[in-house]
Each structure stands twice: as C-alpha cells, then as structure tokens.
Amino acid sequence: MQYSAKVMDHFTNPRNVGEIEDASGVGTVGNAKCGDIMRVYLDIDDGGFIKDVKFKTFGCGAAVATSSMATELIKGKHINEALKLTNRSVMDALDGLPAVKVHCSVLAEEAVRAALWDYSEKNGITIEGLEKPVDDIHDSHHEDLHEDD
Ligand code: FES
C-alpha cells in the first residue's frame, strides 16, 4: 500500500491532537466494520468562527492523518465553511489515499459534521445544510464517498 508523503507526515506528526474542555461542540463517530473511532472538539466564537479544534482518533494511520488534515482545514474557518469539508477535500489535501483507506477520510468528514451538529443543538441554531449525523458511518449514505463532488 502506497501512502503519499503528506499522509506519512500527518500520521507521524499529527496536528491538533488532544481535547478541548467545555468545547462548543463534540462529535464522535465510528466505523463498526474496522472498529475505528474518531472524536472532534470545536471551540467556536460568537461570530461562528472555529477558534480551536482538537481531535482524538482510536484508529488506523490513515484515520489519524485524515483527522489531522481535517482539523487543519477547518481551523479559523467559519462554521458555514467548515460544513463544506468533504472526505474528498481531505483526501485531495493529503495527495490522495489508497482505495481501501478512503473510508477513513469519510470518518474525518463525519466527525467534523457531528461536532458541528452538537454545537448547533447546544445553541439552538440551525446550520444550513447540516443533517443529523450517524454514529456508525459504515451503513450510512455517505458510503457513496462523495465521488461526484
Ligand atoms: Fe477504518 Fe482507517 S481502517 S478508519
């Protein structure tokens, strides 16, 4: 299996690892098939900008790399921008993933969306285009992997 230099970099030196106390939103998703779990913490300011983001991943190397990249891509962004993050954009930023590892990037996308959902629920706000997340991405409609995006 061939990993890009960027994947190796984010796997060996992941960014934004950790947790945020009293986070604005926390999202946890898993994939029952491989058993991997990812949790994303968001610190969002009053203007809707993501001041800080951290993650914990109990999973494979590609899951670590995709969560690391996903957090980098949404840090400092407005929640509406963060919502546009897709597994495809994470993969592109990492110069691709082997086909059997594509689902790891879906986990990263879903963890971010789950954290945004938690934030919207806690604050009673609606984020346009955000749907209720699933706990297990394996059986979700996101298995189509956004190939057409
Ligand atoms: Fe399942 Fe990577 S093998 S997230």
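Now for a look at the structure at hand. Computed from a predicted structure; not experimentally measured.

1. Notes on the pairing of strand E1 (residues 25-31)
Burial analysis of E1 places five of its seven residues in the buried class, which makes it a mostly covered element. The turn joining E1 and strand E2 (residues 36-44), which pair antiparallel and follow one another in sequence, is formed by four residues; a positive phi near 85 degrees is taken by Gly35.

2. Observations regarding the sheet that holds E2
Across a sheet, paired strands are connected by hydrogen bonds in the backbone, their directions being either parallel or antiparallel. If you walk across this open sheet you meet the three strands as E1-E2-E3, and the pairing is antiparallel. The sheet is open, and its two edges are formed by E1 and strand E3 (50-58), each paired on a single side. Here the strands of the sheet are splayed against their neighbours by 15 degrees on average, with no regard to which way each runs. Here E1 runs beside E2; their pairing, made up of seven bridges, is antiparallel.

3. A word on the packing of helix H2 (residues 61-74) against helix H5 (residues 102-123)
In the contact formed by H2 and H5, the axes pass within 8 Å of each other and the chain directions differ by 40 degrees. By the angle between their directions, the pair H2 and H5 is classed as oblique. Note that H2 runs across H5; the crossing there is right-handed. Counting all contacts with H2, which are made through Ala62, Ala63, Thr66, Ser67, Ala70 and Ile74, the residues of H5 involved are Cys104, Ser105, Ala108 and Val112. Of the residues assigned to the contact of H2 with H5, the class counts are seven nonpolar, three polar and no charged.

4. A short note on the side chain of Asn16
Note on placement: Asn16 falls in the loop between helix H1 (5-12) and E1. Within polar-contact distance, the side chain of Asn16 engages the side chain of Glu72 at 3.0 Å. Contacts of Asn16, omitting those with residues within four sequence positions, involve Val53, Lys54, Phe55, Ser68, Thr71, Glu72 and Lys75.

5. Observations regarding the environment of Asp46
One can find Asp46 in the loop between E2 and E3. Separated by 59 residues in sequence, Asp46 and Ser105 place their C-alpha atoms 29 Å apart.

6. Overview of the packing of H1 against H2
The geometry of H1 relative to H2 is characterised by a closest axis approach of 8 Å and an angle of 90 degrees between their N-to-C directions. One way to sum up the angle between H1 and H2 is to call them roughly perpendicular. Each of Val7, His10 and Phe11 in H1 lies in contact with H2, whose residues at this interface are Gly61, Val64, Ala65, Ser68, Met69 and Glu72. Of the residues contributing to the contact of H1 with H2, the split by class is five nonpolar, three polar and one charged.

Analysis parameters
- Residues numbered from 1 in each chain as written.
- Predicted model: local features only at pLDDT ≥ 70, side-chain atom pairs only at ≥ 80, totals over all residues.
- Heavy atoms only, no water.
- Buried < 20%, exposed > 50% of the residue type's maximum accessible area, 1.4 Å probe, protein only.
- Helix = DSSP H or I, 4+ residues; strand = E, 2+ residues; numbered from the N terminus.
- Pairing = 2+ DSSP bridges.
- Axes fitted to C-alpha atoms, helices over the stretch in contact; angles between N-to-C directions.
- Parallel < 35°, antiparallel > 145°, perpendicular 65-115°, else oblique.
- Left-handed = near helix turned anticlockwise from the far one by under 90°.
- Contact = heavy atoms within 4.5 Å.
- Nonpolar A, V, L, I, M, F, W, Y, C, P; charged D, E, K, R; others polar.
- Polar contact = N/O pair within 3.5 Å; in protein donor to acceptor, adjacent residues only side chain to side chain.

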